[in-house]
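Here's the letter readout for the chains.
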Amino acid sequence: VMRAYLKRCGVILAEFPQLSKYFKKASRSASGHCVHECGQCSYSTLNKTTLMYHVVGVHLTLTPFLCTQGCGVASGSYNNLRQHESRVHGIQYEKKNSTSPSLSNSGGVGVDGKVPDFYMCSGCKKRFEAPLDLLRHYFGSHMDWDSWKLDGIGGGLGESNDGDDGRDDAGDDREDGERKRRRRVKELMSIDRLLVPKN
């Protein structure tokens, strides 16, 4: 019997109301689509769960998803981690729109001779069938909500807004370049741009 797993992030938002500052009230686009907007930046998406992964990776800078092959790489996005496993470890996941991985019978396999059908927690290495189940566990077991900064934009775990992060100016320049690149990608992938009818 297959265990039911989370397919939507509403349960997580109900259990962890601290996350609500990152979710604006959903609105409708000109074409009638439901649009979910980030409460901290200009990111928007048609899928609320996608917004949850954006918040985890970009604003909270958490890396709850651990590489199943034991190399130690962790990511805030299970999709990015699957891409890493494919690129670095040669594991071939079947490309399909699903929250649970569909596995290809051909191609690379993991260290144990199988293609992984689970997600691994970076905090305790516990295995989960679905990425949202792992995220729910991570928030409940590995987050210190008392020290979590709720003030200010981007106030992730242990973040300081005093401006001195101990990096040199070259590090700041690299970060500025990365910020510009991300902003440009967001502009190119914005909901308004994607939903404009093509003539």
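Now for a quick tour of the structure.

Quick notes on the rules
Residues numbered from 1 in each chain as written. Predicted model: local features only at pLDDT ≥ 70, side-chain atom pairs only at ≥ 80, totals over all residues. Heavy atoms only, no water. Pairing = 2+ DSSP bridges. Helix = DSSP H or I, 4+ residues; strand = E, 2+ residues; numbered from the N terminus. Contact = heavy atoms within 4.5 Å. Axes fitted to C-alpha atoms, helices over the stretch in contact; angles between N-to-C directions. Salt bridge = Lys/Arg side-chain N within 4 Å of Asp/Glu carboxyl O. Buried < 20%, exposed > 50% of the residue type's maximum accessible area, 1.4 Å probe, protein only. Phe/Tyr/Trp six-rings, centres within 6.5 Å; stacked < 30°, edge-to-face > 60°. Lys NZ or Arg CZ within 6 Å of the ring centre and 35° of its normal. Parallel < 35°, antiparallel > 145°, perpendicular 65-115°, else oblique. Left-handed = near helix turned anticlockwise from the far one by under 90°.

**Quick look at the sheet that holds strand E6 (residues 119–121)**
What the 4 strands build is an open sheet, ordered E5-E4-E6-E7; its pairing is antiparallel. What marks the edges here is a single partner per strand, and that holds for strand E5 (74–75) and strand E7 (127–128). Taken together, the 2 bridges between strand E4 (residues 65–66) and E5 define a ladder with antiparallel strand orientation. By the bridge assignment for E5, leucine 66 is matched with alanine 74. Its contacts with the sheet place helix H4 (residues 131–142) against E4, E6 and E7, and it is angled at close to 5° to E6.

**Observations regarding the sheet that holds strand E1 (residues 27–28)**
Reading across the sheet, the 3 strands line up as E1-E2-E3 and stay open at both edges, with antiparallel pairing between neighbours. Where the open sheet ends on each side, the last strands, each with one partner, are E1 and strand E3 (44–45).

**Overview of the pattern of salt bridges**
In this structure the tally under the stated criterion is 2 salt bridges. Note that glutamate 85 is salt-bridged to arginine 82, the shortest N-O span being 3.0 Å. Of this pair, glutamate 85 and arginine 82 are both found in helix H3 (residues 78–89), 3 residues apart, which corresponds to roughly one turn of the helix. In terms of burial, glutamate 85 and arginine 82 fall into one category: buried.

**Section: the pairing of strand E2 (residues 34–37)**
Pairing between E1 and E2: 2 bridges, direction antiparallel. Paired with arginine 28 across the two strands is cysteine 34, which belongs to E2. Bridge count between E2 and E3: 2 bridges; the pairing is antiparallel. From the neighbouring strand, histidine 36 faces E3, where its bridge partner is threonine 45. Turn length for the E2-E3 hairpin, with the two strands adjacent in sequence and antiparallel, is 6 residues.

**So, the packing of aromatic side chains**
Applying the stated criterion across every chain, the model contains 6 aromatic pairs. Both rings, one in tyrosine 53 and one in tyrosine 78, keep their centres 5.2 Å apart while their planes meet at 70°; by these two values the pair is edge-to-face. Taken together, the residues span a long stretch of sequence, with tyrosine 53 in helix H2 (residues 48–59) and tyrosine 78 in helix H3 at a distance of 25 residues. You'll find tyrosine 53 and tyrosine 78 in the same group, each marked buried. Following the ring pairs from residue to residue traces out a cluster consisting of Tyr53, Phe65, Tyr78 and Tyr119. The ring of phenylalanine 118 has arginine 127 lying over it, and the distance from NZ or CZ to the ring centre is 4.0 Å.

**Section: the side chain of threonine 49**
With respect to the helices and strands, the residue threonine 49 is situated in helix H2. Those residues in contact with threonine 49 that lie beyond four places of it in its chain are Lys7, Arg8, Cys9 and Leu132.

**Notes on the packing of H2 against H4**
Here H2 crosses H4 at 45°, and the two axes come no closer than 12 Å. In this view, H2 runs oblique relative to H4, as classed from their interaxial angle. Between H2 and H4 the crossing geometry is left-handed. Contacts between H2 and H4 involve Thr49, Met52, Tyr53 and Val56 from the former and Pro131, Leu132, Leu135 and Phe139 from the latter.

Note that all results are geometric; they support no functional claim without further evidence.
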